[in-house]
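Secondary and tertiary structure notes
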Amino acid sequence: MKTKLLIAVALLPVVVVADLESILHLVPWYLVWFGCPLIGVVLIIVSKIRKQARISPFGVGLALAGVIGAVAALQINLAKVDSSRELGDRVFAVLEQHKASAGSYPESLSELVPKLLDQEPVPTLGVLTSVPFVYSRLEEGRGCELGFFSTKTIFVRRGHRSAGAWSAVVLP
């Protein structure tokens, strides 16, 4: 029973970070990320205050599971952001191709389907939901910007406003 609970606690931060957009409004990520190790440490301290012969193995397991789960979740999120940037680079190349042939950037990404893209691209973030790229065309089609949300408040973008490189903006 304790092993199954420890596995569930370890996987909870992974699921939360893997799909922040759909779960974040239900449980704040920081409660999961910091709550599990904190509860484990409290159990360890309580066992020492009670002068028990050994430290609470459940407390140690919970603290370790929370930390390991948080590290794994962070690694998954970073890999998904990198993958979304790579997809964004390919989409940006198609946008440049469209500008070369049409003289300006398209009004929306849907104009690229089916001529230049098989389907409208979606970043690899999210497990339960898909959050599409955010695309905007600058004045008279002379520039454009492509971006995605890596978390609820961090917007990653590439385009003429960001000098063509990927940059992250923290939104309020």
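Above this note sits the structure.
Residues numbered from 1 in each chain as written. Predicted model: local features only at pLDDT ≥ 70, side-chain atom pairs only at ≥ 80, totals over all residues. Heavy atoms only, no water.

The end-to-end C-alpha separation of helix α4 (residues 57-102) is 66 Å, in line with the 68 Å expected for 46 residues at 1.5 Å each. One or two residues past the end of α4 sits G103, with phi positive at roughly 95°. (Helix = DSSP H or I, 4+ residues; strand = E, 2+ residues; numbered from the N terminus. Expected span 1.5 Å × (residues − 1).)

As a further point, take the environment of A79. Along the polypeptide, A79 turns up in helix α4. A79 sits 45 residues away from T124 along the chain, and the two C-alpha atoms are 9.4 Å apart.

Below, the discussion takes up the sheet that holds strand β1 (residues 134-137). Backbone hydrogen bonds are what pair the strands of a sheet, in a parallel or an antiparallel way. Pairing in this open sheet of four strands is antiparallel, and the strands run β1-β2-β3-β4 from one edge to the other. Of all the strands in the sheet, the pair left with one neighbour each is β1 and β4 (167-170). Taken over all neighbouring pairs, the strand axes of this sheet differ in orientation by 25° on average, direction set aside. As defined by bridge partners, strand β3 (residues 154-159) adjoins β4 across four bridges and the pair is classed as antiparallel. Looking across to β4, one finds that R157 is bridged to S167. (Pairing = 2+ DSSP bridges. Axes fitted to C-alpha atoms, helices over the stretch in contact; angles between N-to-C directions.)

Together, I55, V60, L64 and I68 make up an exposed nonpolar region whose accessible area comes to about 340 Å². Assignment of secondary structure puts L64 in helix α4. (Patch = residues over 30% accessible without salt bridge, like charges linked within 9 Å, V, L, I, M, F, W, Y side chains within 5 Å. Areas by Shrake-Rupley, 256 points an atom, 1.4 Å probe, with all protein chains shown as cover. Salt bridge = Lys/Arg side-chain N within 4 Å of Asp/Glu carboxyl O.)

Fair warning: the whole summary comes from geometry, so function is off the table for now.
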